[in-house]
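Results of the structural survey
Take a look at the letters that make up each chain.
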Amino acid sequence: MTKTISLLGLQWGDEGKGKVVDHLAKDLDAAIRYQGGHNAGHTLIVDGKKIVFHLLPSAICHDDIHCYIGRGVVVSLDALFEEIEEAQEVIGNIEDRLTISSACSLIQPYHVKLDQLREGSKKLTKIGTTGRGIGTAYEDRVGRRSIRVADLYNENKLKGRLEEALDFYNSIFIHSFNSEEIDLNELFEKNLKQAEKLKPYVGNVIQEVRDLKEADKKILFEGAQGALLDVSLGTYPYVTSSNSSVGGIASGIGISPTNIDFSLGIAKAYTTRVGEGPFPTELFDDMGTYLAEKGGEVGATTGRPRRCGWLDAFLLSHTVQLNGIDGLCITKIDVLDGLETIKICTDYSSDLSKAEILETLTLEGIEPIYTEFKGWEEPTAGKQSFEELNDMAKEFILNIEDLCKVPVIMISTGPKREDTIIREYPL
Ligand code: GDP
Ligand code: IMO
Ligand code: MG
């Protein structure tokens, strides 16, 4: 029986993960974020009200679920406290149901500043980051310079680490960017204050998750971003800086990869991307504008417009395999309602072999090859059973199954929790 379920985005993020988590949450005991940070934006519609989670697992919305932030997440305490405050206004006190690993690396103001300076520089490759200091914080993590949550409670160590960091960062701010430096004492005092406020949430995630497993609890591993944004497997360098694929779960929590009973992959019925980077099926015509408007495709974190295009099954079948997906959830099918023709990219035309394309995912010198499908008049919006869908929409879904060689077990037909078709329940 399924006890642990991973939920991952299979495109470039914003697949509708938050909505799907919210739908499954009634049957969960715990949810764990394991990578990324507050670059994520997961939207839930609860009692008609929109809530966006960035750093907190979306399942926090349900008051019988314990939520965890694992060691693989980079934590901005400014963002965390702001989000906790906002969430508590809607869902009440969460202090007893949120545990943050003492091994998480912190995002400090110098990470945010450098991320933004780099992105603003005309001399450097623009990635189109969220400007939240995510990549720079991960650079320090792999560079073994991070300040971790536990370090906040050792004043001497904290001051030493901050001093070391500011020596390095301030010199870059002054000499490379002609910008102001950050004051050590002010930052040290701020960290101390935040450390006190954070204390009730700090815990030992590895042991707690072991205990949950021992007690046979149902646990969700909640992915942020999407597989194509994975730093190792995605469209490098236009990626985020964490392992947003299944590989991030083991190291980002502290469990064995064999502990995942079911892998649920989330993909939109079309494709979107925020920021720079290749996007073979991107539409620059009226159809692109139509999808953006009808799908409300505006970034949930930065408010930037999302680039839109047709579903890319060439890439989707790859990310399905990469992540050992057991079942797919196709979201936003309702956005395609009323279209005369719908396209799916089923292959690429290129001088490169498929293996060469997939190895680097630079996606240069390729042209998408499309299969056209007849659209449908009868809306899928709000439908709750597969039988209720019109024949063309059914065929569209069955084709995705064929192309990706994995069952589509859920279909999302609208932003609300109940706008969901379950063909096979993953829990
Ligand atoms: P996430 O980052 O993967 O959680 O996705 P986002 O929340 O950033 O973006 C998904 C957007 O689509 C949000 O505004 C959701 O409310 C909305 N959404 C999710 N599922 C559906 C759906 O099936 N149909 C429609 N129309 N909107 C949806
Ligand atoms: P959710 O969890 C979509 C993108 C940014 C940028 C790149 C690197 O809501 O799906 P970063 O700030 O992470 O260094 O930016 O990654 N990006 C996302 N795009 N959804 C997200 O999260 C994203 N998180 C990061 O737009 O292109
Ligand atoms: Mg999002």
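Predicted model only: the values in this text are computed from it and were never measured.

Residues in close proximity to ligand 2 total 20 residues, the closest being K17, H42, T130, Q225 and T240. Within the backbone of G41, one N or O atom sits 2.9 Å away from an oxygen atom of ligand 2. Between R304 and ligand 2, the recorded distance is 2.9 Å, taken from a side-chain N or O atom to an oxygen atom.

With that settled, the discussion passes to helix α8 (residues 247-254). Those residues of α8 not exposed but buried are G248, I249, A250, G252 and I253. Those residues of α8 hidden inside the fold are in contact with β1 (4-9), β2 (30-33), α7 (205-214) and β10 (219-222).

Our focus in this paragraph is the side chain of Q225. Structurally, Q225 is set in the loop between β10 and α8. A polar side-chain atom of Q225 sits 3.1 Å from a polar atom in the side chain of Q35. In this structure the side chain of Q225 is engaged in a polar contact, spanning 3.1 Å, whose partner is the side chain of N39. When sequence neighbours within four positions are dropped, the list of residues in contact with Q225 reads G9, G13, E15, K17, Q35, G36, N39, A40, T240, S242 and S244.

Okay, a negative patch on the surface next. A cluster of like negative charges, contributed by E82, E85, E86 and E89, occupies part of the molecular surface. Note that E85 resides in helix α2 (residues 77-91).

Okay, the site of ligand 1 next. Surrounding ligand 1, one finds 18 residues, the nearest of these being K17, G41, T43, D334 and S412. Contacts to ligand 1 include R306, whose side-chain N or O atom sits 2.9 Å from an oxygen atom. Side-chain polar atom of D334 to a nitrogen atom of ligand 1: 2.7 Å apart, as the coordinates give it. Protein burial of ligand 1: of its 590 Å² of free accessible surface, 92% is covered by the chains. Of all the secondary structure elements, the ones that give two or more residues to the shell around ligand 1 are α1 (17-24) and β3 (42-46). Tallying contributions element by element places α1 first for the shell around ligand 1, with three residues. Grouping the amino acids of the shell around ligand 1 by side-chain chemistry returns three nonpolar, eight polar and seven charged. Residue-level mapping places the shell around ligand 1 at the junction of two domains, with at least three residues from each of domain 1 (4-101 + 202-259) and domain 3 (267-422).

Further remarks concern the coordination of the magnesium ion (ligand 3). Surrounding the magnesium ion (ligand 3) are the protein donor atoms D14 (OD) and G41 (O), at 2.0 to 2.1 Å. Of the two residues, D14 is situated in the loop between β1 and α1 and G41 in the loop between β2 and β3; the sequence distance between them amounts to 27 residues.

Turning next to the domain arrangement of the protein chain. Taken domain by domain, the protein chain holds domain 1 (4-101 + 202-259), domain 2 (105-198) and domain 3 (267-422). Each of domain 2 and domain 3 has a C-alpha centre, and the two are 37 Å apart. Contact residues are listed per partner, giving six residues for domain 2 and five residues for domain 3. In total, about 410 Å² of surface goes out of reach between domain 2 and domain 3, with carbon and sulfur atoms giving 48% of it. Summed over the three residues of domain 2 that lose the most area to domain 3, namely G128, T130 and R132, the buried surface amounts to 64% of that side. On inspection of domain 2 and its partner domain 3, the count reaches zero salt bridges. Counting the contacts that link domain 2 with domain 3 gives four residue pairs in polar contact (both at pLDDT 80 or more). The class makeup of the residues in the side of domain 2 that touches domain 3 is one nonpolar, three polar and two charged.

With burial as the criterion, each face of β2 is covered, one bearing A30 and I32 and the other bearing A31 and R33. Of the strand pairs in this sheet, β2 and β10 are connected by four bridges, and their pairing is parallel. Counted as the bridge partner of R33 is E222 from β10.

All right, on to the environment of L55 then. Examined against the element boundaries, L55 turns out to sit in the loop between β4 (49-53) and β5 (66-69). Between the C-alpha atoms of L55 and A40, which are 15 residues apart in sequence, the distance is 6.9 Å.

On to the environment of K394, then. As for its position among the elements, K394 is in helix α12 (residues 391-404). C-alpha of K394 to C-alpha of T380: the two residues are 14 residues apart in sequence and 9.9 Å apart in space. When neighbours within four sequence positions are excluded, K394 is seen to be in contact with F386, E387 and L389.

This part takes up the sheet that holds strand β14 (residues 311-312). Adjacent strands of a sheet pair through backbone hydrogen bonds, lying either parallel or antiparallel. A sheet is described by the order of its strands in space; here three strands give the open sequence β14-β16-β17, paired in mixed fashion. Edge positions in the sheet fall to β14 and β17 (366-374), since each of these pairs with one other strand and no more. Sheet topology note: the strand β16 (residues 341-350)/β17 ladder contains nine bridges and is antiparallel. From the neighbouring strand, S350 faces β17, where its bridge partner is I366. Each of β14 and β16 is contacted by helix α10 (residues 313-322), which is oriented at about 75° to β16, the strand it contacts most. Of the strands in this sheet, β14, β16 and β17 are in contact with α12, which crosses β16 at around 20°.

Here is what the cut-offs are and how they apply
Throughout this description, residue numbers start from 1 for each chain and increase along the sequence as written. Naming scheme: in the order in which they are written, chains are lettered from A and ligands are numbered from 1. Side-chain atom pairs in this predicted model are given and counted only at pLDDT of 80 or more, local residue features only at pLDDT of at least 70, and totals for whole chains, interfaces and linings cover all residues. Side-chain measures were taken over the full set of non-hydrogen atoms in the model, leaving aside hydrogen atoms and water. Being near a molecule or strand, for a residue, means having at least one of its heavy atoms within 4 Å of it. Polar contact is defined as a pair of N or O atoms within 3.5 Å, subject to the rule that within protein one atom must be able to donate a hydrogen and the other to accept it, and that residues adjacent in sequence are counted only when both atoms are side-chain atoms. To sort residues, take the accessible area from a 1.4 Å probe on protein chains only and compare it with the maximum for the residue type: under 20% means buried, over 50% means exposed, and anything in between is partly exposed. Strands are runs of DSSP state E lasting at least 2 residues, helices are runs of H or I lasting at least 4, and numbering of each runs from the N terminus. We call two residues in contact whenever any of their non-hydrogen atoms come within 4.5 Å of each other. Exposure above 30% relative accessible area and no salt bridge define the residues that can form patches, which grow by joining like charges within 9 Å and nonpolar side chains of Val, Leu, Ile, Met, Phe, Trp and Tyr within 5 Å. Here the open area of atoms and residues is found with the Shrake-Rupley method and a 1.4 Å probe, where only the protein chains shown may cover a residue. Criterion for a salt bridge: a side-chain nitrogen of Lys or Arg within 4 Å of a carboxyl oxygen of Asp or Glu. Positive charges come from Lys and Arg, negative ones from Asp and Glu, while His and the chain ends are left out of the count. Charge coordinates come from a single atom per side chain, which is NZ of Lys, CZ of Arg, CG of Asp or CD of Glu. Side-chain classes are defined by residue name, with Ala, Val, Leu, Ile, Met, Phe, Trp, Tyr, Cys and Pro counting as nonpolar, Asp, Glu, Lys and Arg as charged, and the others, Gly among them, as polar. Note that domain bounds follow an automatic or database assignment of domains. Atoms of type N, O and S within 2.8 Å of a metal are treated as its donors, and for Na, K and Ca the window is 3.2 Å; water is not considered, so some sites may appear to be missing partners. Defined here as a combined quantity, buried area equals the accessible surface (1.4 Å probe) lost by two parts on assembly, summed across both. At least two bridges found by DSSP between two strands are what make those strands a pair. Here, axes are lines fitted to C-alpha atoms. For helices the fit covers the stretch in contact, and angles between N-to-C directions go from 0 to 180 degrees.

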